[in-house]
Amino acid sequence: MSDPIDGAGEGREALRLDAVRRYDILDTPPDGSFDRLATIAARRFKTPIAIISIVDNDRIWFKSHHGLNVSEIDRAPGLCASAILSAETYVLTDAKLDPRSLANPLVAGEFGLRFYAAAPLITHDGFNLGTLCVIDFEPREPDEDAVSDLTDLASVVMDQMELRRASRQAASHAELMSREIDHRVANSLQFVSSLLVLQSRVPGVRDAPEQLRIAANRVATVARIHRNFYAEAGLEIEVLAFLRRLSADLSDTLDREITVEGAESLLPSGMVQSLGLVANELITNAAKYGEGEIGVEYRLVNGVHDLCVSNDGPPLPETFDPAASTGLGMKVIVSLTAQMGGTLNCEQKNKDGGARFRLTFPRL
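For clarity, every value in this text was computed on a predicted model and none was experimentally measured.

### Structural notes on the overall build of the protein chain
A count of helices and strands for the protein chain gives 9 helices and 13 strands. By residue count, 45% of the 364 residues in the protein chain fall in the buried class. Within the protein chain, residue pairs in contact and separated by at least 24 positions form 65% of the contacts whose partners lie at least 6 positions apart. Looking at the protein chain as shown, the accessible area adds up to about 18200 Å², and 52% of this sits on carbon and sulfur atoms.

### Some words on the packing of helix H8 (residues 269-289) against helix H9 (residues 328-339)
Where H8 meets H9, the axes come as close as 9 Å, and the angle between the chain directions of the two elements is 150°. With respect to H9, the axis of H8 lies roughly antiparallel. The crossing of H8 and H9 is left-handed. On H9, the residues touching Ser274, Leu277, Val278, Glu281, Leu282 and Asn285 of H8 are Gly329, Met330, Val332, Ile333 and Leu336.

### Regarding the packing of helix H7 (residues 239-254) against H8
Direction vectors running N to C along H7 and H8 enclose 35°, while the axes themselves pass 10 Å from each other. Once H7 is placed against H8, the crossing between them reads as right-handed. Touching Val239, Phe242, Leu243, Leu246, Ser247, Leu250 and Leu254 of H7 are Val272, Leu275, Gly276, Ala279, Asn280, Ile283, Thr284 and Ala287, all from H8. Counted by class, the contact of H7 with H8 contains 11 nonpolar, 4 polar and no charged residues.

### Focus: unusual backbone geometry
Phi angles above zero are rare outside glycine, and Asp27 is one such case at about 65°. One can find Asp27 in the loop between helix H1 (10-23) and helix H2 (32-45). Although it is not a glycine, Asn302 sits at a positive phi angle of roughly 50°. Its location among the elements puts Asn302 in the loop between strand E10 (291-301) and strand E11 (304-312). Residue classification places Asn302 among the exposed positions, given a relative accessible area of 78%.

### Digging into the sheet that holds strand E8 (residues 258-262)
Strand order in the open sheet made by the 5 strands is E8-E10-E11-E13-E12, with mixed pairing throughout. Sheet topology places E8 and strand E12 (343-350) at the edges, where each strand pairs with a single neighbour. Between one strand and the next, the sheet's axes are offset by a mean angle of 15°, whatever the strand orientation. Pairing analysis gives 8 bridges linking E11 to strand E13 (residues 353-362), with the strands arranged antiparallel. Each bridged residue has a counterpart across the sheet, and for Asn311 the counterpart in E13 is Ala355. Contacting E8, E10 and E11, H7 runs over the sheet at an angle of about 175° to E8. Sheet strands in contact with H8 are E8, E10, E11 and E13, and its direction is about 15° off that of E11.

### Examining the sheet that holds strand E6 (residues 128-136)
The sheet built from 6 strands is open, its strands ordered E3-E2-E1-E6-E5-E4 with antiparallel pairing. Of all strands in the sheet, those with a lone pairing partner are strand E3 (72-74) and strand E4 (90-92), marking the two edges. In this sheet, neighbouring strand axes are inclined to one another by 20° on average, regardless of whether the strands run parallel or antiparallel. H1 rests against strand E1 (49-55) and E6 of the sheet, and its axis sits at about 85° to E6.

### So, the confidence of the model for the protein chain
The predicted model of the protein chain averages 83 in pLDDT, with 79% of residues at 70 or higher. In this model, residues 1-8 is a region of pLDDT below 50 whose contacts with residues beyond four sequence positions or in other chains number 20 contacts.

### Side note on H9
The terminal C-alpha atoms of H9 lie 16 Å apart, and with 12 residues this matches the ideal 16 Å at 1.5 Å per residue to within 8%. Turning to H9, its buried residues are Leu328, Gly329, Met330, Val332, Ile333, Leu336 and Thr337. The positive-phi residue at the C-terminal boundary of H9 is Gly341, with phi of around 70°.

### Comments concerning the pairing of E11
Taking burial as the measure, the 9 residues of E11 include 7 buried ones, the bulk of the element. A loop of 2 residues connects E10 with E11, the two strands running antiparallel in sequence, and Asn302 in this loop sits at a positive phi of about 50°.

### Here's the deal with the pairing of strand E2 (residues 59-66)
Most of E2 is tucked away, with 6 of its 8 residues classed as buried. Between E1 and E2, which pair antiparallel in sequence order, lie 3 residues. Alignment of E2 against E3, held across 3 bridges, turns out to be antiparallel. Looking across to E3, one finds that Ile60 is bridged to Ile73.

### Regarding the nonpolar core
Within the largest apolar cluster, 36 residues are counted, with the highest numbers of intra-cluster contacts made by Leu243, Leu275 and Leu359. Elements represented by at least two residues in this core include exactly H7, E8, H8, E10, E11, H9 and E13. Beyond its immediate chain neighbours, meaning those up to four positions away, Leu243 contacts Val260, Ala279, Tyr298 and Leu307. Trp61, Phe115, Ala119 and Met158 belong to the second-largest nonpolar core, a separate cluster that totals 30 residues.

### Structural notes on H7
With 16 residues, H7 extends 22 Å from end C-alpha to end C-alpha; this agrees with the ideal 22 Å at 1.5 Å per step. Of the residues making up H7, those classed as buried are Val239, Leu240, Ala241, Phe242, Leu243, Leu246, Ser247, Asp249, Leu250 and Ser251. Where H7 ends, the next residue or the one after it, Asp255, has phi of about 55°, a positive value.

About the criteria used
- Every chain is numbered on its own, with residues counted from 1 as its sequence reads.
- Per-residue local features are limited, in this predicted model, to residues with pLDDT of at least 70; the limit for side-chain atom pairs, both in listing and counting, is 80 or more; totals at the level of whole chains, interfaces and linings are taken over all residues.
- Where side-chain values are given, they derive from all heavy atoms of the structure, hydrogens and water being excluded.
- In DSSP terms, a helix is any run of H or I states spanning at least four residues, a strand is any run of E spanning at least two, and both are numbered starting from the N terminus.
- Only protein chains enter the accessibility calculation, which uses a 1.4 Å probe. A residue is then buried if its area is under 20% of the maximum for its type, exposed if over 50%, and partly exposed in between.
- Note on contacts: a residue pair is in contact if any heavy atoms of the two residues lie within 4.5 Å.
- Only the protein chains shown count as cover for residues, and all accessible areas are computed by the Shrake-Rupley method using a 1.4 Å probe.
- Lines fitted to C-alpha atoms define the axes, with helix axes restricted to the stretch in contact, and inter-axis angles between N-to-C directions lie between 0 and 180 degrees.
- What sets the label is the angle itself: under 35 degrees gives roughly parallel, over 145 gives roughly antiparallel, 65 to 115 gives roughly perpendicular, and the rest give oblique.
- Note on convention: the crossing is left-handed when the near helix lies turned anticlockwise from the far helix by less than a right angle, right-handed when the turn is clockwise.
- Gly is placed with the polar residues, together with every amino acid not listed as nonpolar (Ala, Val, Leu, Ile, Met, Phe, Trp, Tyr, Cys and Pro) or charged (Asp, Glu, Lys and Arg).
- Strands were regarded as paired on the criterion that DSSP finds at least two bridges between them.
- One number per residue, pLDDT, summarises how confident the predictor is, and it ranges from 0 to 100.
- Working rule for helices: expected span equals 1.5 Å times residues minus one.
- To qualify as a nonpolar core, a set must consist of buried Ala, Val, Leu, Ile, Met, Phe, Trp, Tyr and Cys residues joined through side-chain atoms within 4.5 Å.

As structure tokens, then:
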């Protein structure tokens, strides 16, 4: 049988089978929680057999089979395949007399089934996965309370399945996040390595203690980016919120007022890390060479990310070229800009002086 509970035919049955796969329960090992529920159902009805079944494409598989040493049967003769056609509990008080079942091999054959009651296992989105059923070899007339109890027990079975599905999803998400964390840490370590390599190439510097101090500051820079980076978990990060956290941290460190303005958008985590290192260097340079308040602006305009850092104070030299700078901080900025596929421009902030650096890079 392939008709679903709403009679919509094979299309609906395909969706029902998709739901069965979604719960990933077929062929799983025995489970004490499900076994106890089957035992309770058998005890409530005083029947020798109780089964928690899942109706697959061509078989009926038993998650629990109290009183029966069989783990599955073909779908064709199975009464559970009929029971899932209804959202109500399916009851055969005497299967040998009921026209729905009198010709069924389980009734007419050697097995000799006479009484059968099955409550469907219904998902939150309305698909019948199988049943919780009780079976006897003598006819029975269960009262309304007993049938209601079976329905309630079937709901508990579904609760257990939902819990297990949620647990699997949480475990999968945790694994994904663990991989993302490993990736982020690896990126940060790579940034540290690259910074130290750049520093080692600065010409004309021989003071080892000073070089170690600078190296320590560079590592601290990456740690600062990392700390603010991890304040928001996920594969995409809210850029403006990240820049505000980073700027607040730098404001305390540099003892300078930093304002952050703009519009929020998302960036992949790896890009945010690079953007954060560029912003850190630009803000640090603005504090070192400029005066007054430091301004940070970020926007996504026509598919282009735009980060601008500005400060008051002396204007930039007319011949200043970021690409030709020998300073380690500017080398880091230029290198990261190239990695992001971006462009770095600098200009005088206004007629009174100051400086404005603008990083633009395309949306991925």
